[in-house]
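# Overview (structure and organization)
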Amino acid sequence: MDTSEYLDIFIEESKEHLQSINEYVLLLEKQPEELATIQEIFRSAHTLKGMSASMGYGDLANLTHAMENVLDGIRNGKLHVTQKLLDSLFVSLDHLEEMVMSIAAGGDGKKDTKELIRLLNGILGEDTQDKAQTDTSNEDLRSYDEFERSAIHQSLEQGFLVYRIEVELHKECLLKAVRAYMVFNALENLGDIIKSEPSADLIEQEQFNQSFFVTLITQQEAATIESELLSISEIEKVALTPLQPVGSEQKEAVTEQVDDQKGTTTGPKKNSPPKSAKTIRVSIERLDLLMRLFEELVIDRGRLERISSEMKDAALQETVERVSRVSSDLQELILNMRMVPIDQVFNRFPRMVRGLAKDLHKKVELQVEGEETELDRLVADEIGDPLVHLLRNSLDHGIEDPEQRIRSWKSEKGTITLKAYHSGNRVFIEIQDDGAGIDADKVLNRAVQKGIISENSARTLTGRHVYELLFAPGFSTAEVISDISGRGVGLDAVKNKIESLGGSVSVDSTAGQGSTFTIQLPLNLSIIPSLLVEAGTETYAVQLPSIIETALVDPQDIIMVHKQPMMDFRGKVIPLVSLKDWLEVPQGAKKGETNRAVVIVKKENKLAGLIVDGLIGQQEIVLKPLGSYLDVPFVSGAAILGDGQVALIIDCNSLFI
């Protein structure tokens, strides 16, 4: 069978199941007796095993099968959740993720997992084969787990028949697995199989004697099933035992347990028709193509608005206004389609923090808040690595050792809080720890040693200005480079990455109480509201999120401080930069000593004024990258205007050094 057409679906669903297993195993570590958690892990592992086997990835299926056996031992009470067992499951997950990533990259997904499977089988201890072949005279449901009993009860209440079928093969049968496969195939055409004894995997490996058992939910009579199975070659005997529900008291207890796990109340339930699917899978490539086409529409919309204003035709203006309204609604819809919850980024961090804390011999709890916060997919794809770096930094440099925390009258377990939220048209992400905080004196001394600032400058820095030195190129307070945080690369790499996304990062700290890194990010990176300005003969765009306000300044109010023009802005002296002089723009028409247009821009808590020759107006523009051939530090991209001209987009961050 050609499985290539299902490969993308397999990879996507495998990643989802692995993430689900990761999350529930972490939860199992905290709540080892929670049956519902074990059932969720088992369900995902079972589905992943079946998918892998169907696609022909044997190593993936075999390892998942070994995990499934261990999980089955836990839920049946044969195994207890221990640290060794959890560590083995996490190592298995690492191997599974590597195999899936290999498949996604075009590889064969093969990996030597024999030692790991042997370890899992060693944890399991005894062979489950003998236990699986139980006495068929037991006609009640006590040998089934809660979920299987619930399925059987509901089926019986809806008028279905449930049989426990014993199938015995001929003594001289050579291909037992093939005959068993034919039996399973026949039964699947007659109803739904909910359990096999031994498991289907053991049967496939011929790890059973001459007989096995299958529990079937069906609407067919026993004679029909028996006749169908006996028509298969080398089937010696077929025995069907109808299953009956347990007594009323036991049935109520089973129903109560299942309802508790689902968070519902007991009581009779009416059968309701299955709900139709409300969502569909759409490939990222299609969304990107849709976005590119809409970007062209935005450019043409700007051109239409310009033509309409020049022609001054009432009917044309009315039509263009309607097109603008509809396209604005369409724009909002498309941008929302590209938004993804940030938990797609956050969900890999609990496992990472657990592993790093163990390596550092620290006790750390990661608290995640606001994981439902949405941001553009492009931003979500790029923000993961900076967050990993900051979390590693908090673990290594922030959280103290348990002994040190106790000496400081703190809980021996440190807490790192990862929080996301919206504010205006920005997304904020905070990484806060309750560790030792940042030693300002140590930061200043190291900055002087590295030659980042002079000793005289160091004496003038206080508060947050000191902490900003952490983002200077080449700065690090680590005495020894390790694989935990930094790895020889300072926080400047984090800052550069975030600023390339149109965002900013800052840090605040209190000695002995902890530190907080705050990241600001735009909601989307492609269509941005901007202010168009004139400088000489050229038109430029300044992104609105960077603008505080605009003002007209009398040239006489501009003062010179150390050859730097400055102005008073609400009681604060801020520097001024002439956009025309800064970019060496060709001179336009000479203007007299009239008031100068100034755009007040910000970066974190810093302000500056951008002197321009004129303000054109606000417009939504499509950001187009300039490419690697034009590496201009003070330009973040370009946009096509309504008249067909190209306007460069000013990177206001480059105003601040």
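Everything in this summary refers to the structure shown in the same document. (Residues numbered from 1 in each chain as written. Predicted model: local features only at pLDDT ≥ 70, side-chain atom pairs only at ≥ 80, totals over all residues. Heavy atoms only, no water.)

### Here we look at the overall build of the protein chain
Using the following cut-off: Counting from the N terminus, the helices are the DSSP runs of H or I reaching at least four residues and the strands are the DSSP runs of E reaching at least two. Each residue is placed in one exposure class: buried if its accessible area under a 1.4 Å probe, protein chains only, is under 20% of its type's maximum, exposed if it is over 50%, and partly exposed if it falls in between. Any two residues whose heavy atoms approach within 4.5 Å at even a single point are treated as in contact. Only the protein chains shown count as cover for residues, and the accessible areas themselves come from Shrake-Rupley with a 1.4 Å probe.
Within the protein chain one finds 22 helices and 22 strands. When the 657 residues of the protein chain are sorted by exposure, 44% land in the buried category. Of the contacts formed within the protein chain by residues at least 6 apart in sequence, a portion of 72% connects residues at least 24 apart. Just so you have it, the protein chain exposes about 35600 Å², and 49% of that area is on carbon and sulfur atoms.

### Some remarks on a negative patch on the surface
The criterion, for reference: Residues enter a patch when their relative accessible area is above 30% and they make no salt bridge; the linking distance is 9 Å between like charges and 5 Å between nonpolar side chains (Val, Leu, Ile, Met, Phe, Trp, Tyr). Salt bridge, as applied in this entry: a Lys or Arg side-chain nitrogen positioned within 4 Å of an Asp or Glu carboxyl oxygen. When charges are counted, Lys and Arg are positive and Asp and Glu negative, with His and the chain ends excluded. All charge positions are set by atom: Lys at NZ, Arg at CZ, Asp at CG, Glu at CD.
A surface patch of like charges, here negative, comprises E23, D343, E369, E371 and E372. In this fold, E372 is placed in the loop between strand 6 (363–369) and strand 7 (374–376). Of the residues examined, E372 reaches a relative accessible area of 58% and is grouped as exposed.

### What to know about the sheet that holds strand 21 (residues 635–640)
The criterion, for reference: DSSP-based pairing: two strands are paired if at least 2 bridges between them are found. Angles run from 0 to 180 degrees between N-to-C directions of axes, and those axes are lines fitted to C-alpha atoms, restricted for helices to the stretch in contact.
The 5 strands are arranged 20-12-13-22-21 in an open sheet whose pairing can be described as mixed. Each end of this open sheet is capped by a strand with a single partner; those strands are strand 20 (614–622) and strand 21. Direction aside, neighbouring strands of the sheet carry axes that sit 35° apart on average. Of the strand pairs in this sheet, strand 21 and strand 22 (residues 646–650) are connected by 5 bridges, and their pairing is antiparallel. Counted as the bridge partner of V635 is I650 from strand 22.

### So, empty space enclosed by the protein
Put simply, the rule reads: In this analysis the probe radius is 1.4 Å and the grid spacing 1 Å, with only protein atoms considered; a cavity is a set of points the probe fits into but cannot get out of, a pocket is an open set with protein on both sides within 12 Å along at least five of seven lines, and lining residues have an atom within 4 Å of a point. Grid points are joined across faces, edges and corners, and a volume is the space filled by probe spheres set on the points. Residue type decides the class: Asp, Glu, Lys and Arg count as charged, Ala, Val, Leu, Ile, Met, Phe, Trp, Tyr, Cys and Pro as nonpolar, and the leftover types, Gly among them, as polar.
Enumeration over the complete set of coordinates arrives at 1 cavity of 30 Å³ or more. Considering only enclosed or pocket space, the largest cavity measures out at about 40 Å³ in volume. Around the largest cavity, the lining residues are V298, I299, G302, Q619, E620, I621, V622, I640, L641 and G642. Elements with a minimum of two residues in the lining of the largest cavity: helix 12 (284–311) and strand 20. A per-element tally of the lining of the largest cavity places strand 20 first, with 4 residues. Here the residues of the lining of the largest cavity are counted per class, giving 6 nonpolar, 3 polar and 1 charged.

### With respect to the layout of surface pockets
Within this model, the largest pocket holds a volume of roughly 2100 Å³. If you trace the largest pocket, you find 49 residues lining it, with E12, K15, E16, Q344 and D381 closest to the centre. Of all elements in the fold, only helix 1 (7–30), helix 4 (83–104), helix 12, strand 5 (339–341), helix 14 (343–346), helix 15 (349–360) and helix 16 (377–398) reach the threshold of two or more residues within the lining of the largest pocket. When grouped by side-chain class, the residues that make up the lining of the largest pocket number 20 nonpolar, 7 polar and 22 charged.

### Overview of the packing of helix 4 against helix 15
For clarity, the cut-off: Angle categories: roughly parallel below 35 degrees, roughly antiparallel above 145, roughly perpendicular from 65 to 115, and oblique for all the rest. Two helices cross in a left-handed way if the nearer one is turned anticlockwise from the farther one by less than a right angle. They cross in a right-handed way if the turn is clockwise.
Between helix 4 and helix 15, the shortest axis-to-axis distance is 13 Å and the interhelical angle comes to 120°. Taken together, the axes of helix 4 and helix 15 are oblique relative to one another. Viewed along their axes, helix 4 and helix 15 form a crossing whose handedness is left-handed. For the pair helix 4 and helix 15, contact is made by Q83, D87, F90, V91, L93 and D94 and by R351, R354 and K358, respectively.

### Brief notes about the environment of Q205
Quick note on the threshold: Pairs of N or O atoms within 3.5 Å make up the polar contacts considered here, provided that, within protein, one atom can donate a hydrogen while the other can accept it, and that residues adjacent in sequence are counted only when both atoms are side-chain atoms.
Inspection of the secondary structure assignment puts Q205 in the loop between helix 9 (200–204) and strand 3 (211–218). A distance of 2.7 Å separates the side chain of Q205 from the side chain of Q207, its partner in a polar contact.

### Thoughts on the side chain of S324
In this fold, S324 is placed in helix 13 (residues 314–337). What S324 contacts, discounting residues up to four positions off in sequence, is R301 and E305.

### Considerations on the sheet that holds strand 14 (residues 547–553)
Pairing is mixed across the open sheet formed by 6 strands, whose spatial order is 14-18-19-17-16-15. Edge positions in the sheet fall to strand 14 and strand 15 (559–561), since each has one partner strand and no second. For this sheet, the mean angle separating the axes of adjacent strands, direction not counted, is 40°. Across 7 bridges, the pairing between strand 18 (residues 596–603) and strand 19 (residues 606–612) is antiparallel. Bridging from a neighbouring strand, A597 pairs with V612 of strand 19.

### Here we look at unusual backbone geometry
Between E197 and the following residue, P198, the backbone shows a cis peptide bond with an omega angle of -5°. Structurally, P198 can be placed in the loop between strand 2 (191–197) and helix 9. Of note in the backbone geometry, H562 takes a positive phi value of approximately 50° without being a glycine. With respect to the helices and strands, the residue H562 is situated in the loop between strand 15 and strand 16 (564–569).

### A closer look at the pattern of salt bridges
The tally for this structure, following the rule as stated, stands at 24 salt bridges. Notably, a salt bridge pairs K363 with E412, separated by 2.9 Å at the nearest N-O pair. Here K363, found in strand 6, pairs with E412, found in the loop between helix 17 (402–407) and strand 8 (413–423); they are 49 residues apart in sequence, far enough to count as distant. You can call K363 partly exposed: its relative accessible area is 40%.

### Section: the pairing of strand 18
For strand 18, the tally of buried residues reaches 6 of 8 residues, placing the bulk of the element in the interior. In this structure, strand 14 lies alongside strand 18, joined through 6 bridges in antiparallel fashion. The partner of V553 across the bridge, within strand 18, is R596.

### Brief notes about the environment of T516
Relative to the helices and strands, T516 resides in strand 11 (residues 514–522). Residues T516 and D433, 83 residues apart in the sequence, show an inter-C-alpha distance of 6.6 Å. For T516, the contacting residues outside a window of four places in its chain are E430, I431, Q432, S506, V507 and D508.

### Observations regarding the packing of aromatic side chains
Here is the rule: The criterion for an aromatic pair is that two Phe, Tyr or Trp rings (for Trp, the six-membered ring) have centres within 6.5 Å, with stacked assigned to planes under 30 degrees apart, edge-to-face to planes over 60 apart and tilted to the rest. Definition used: whenever NZ (Lys) or CZ (Arg) falls within 6 Å of the ring centre and also within 35 degrees of the ring normal, the charge is taken to sit over that ring.
Within the structure shown, the criterion is met by 6 aromatic pairs. When the ring of F208 is compared with that of F212, the centres are 5.5 Å apart and the planes differ by 85°; the resulting orientation is edge-to-face. For F208, a relative accessible area of 3% gives the class buried. For F212, a relative accessible area of 0% puts it in the buried group. An aromatic cluster of at least three residues, connected via ring pairs, comprises F184, F208 and F212. Between R164 and the ring centre of F213, over which it is positioned, the NZ or CZ distance is 4.4 Å. Its end group placed over the ring of F208, K176 keeps NZ or CZ at 4.7 Å from the ring centre.

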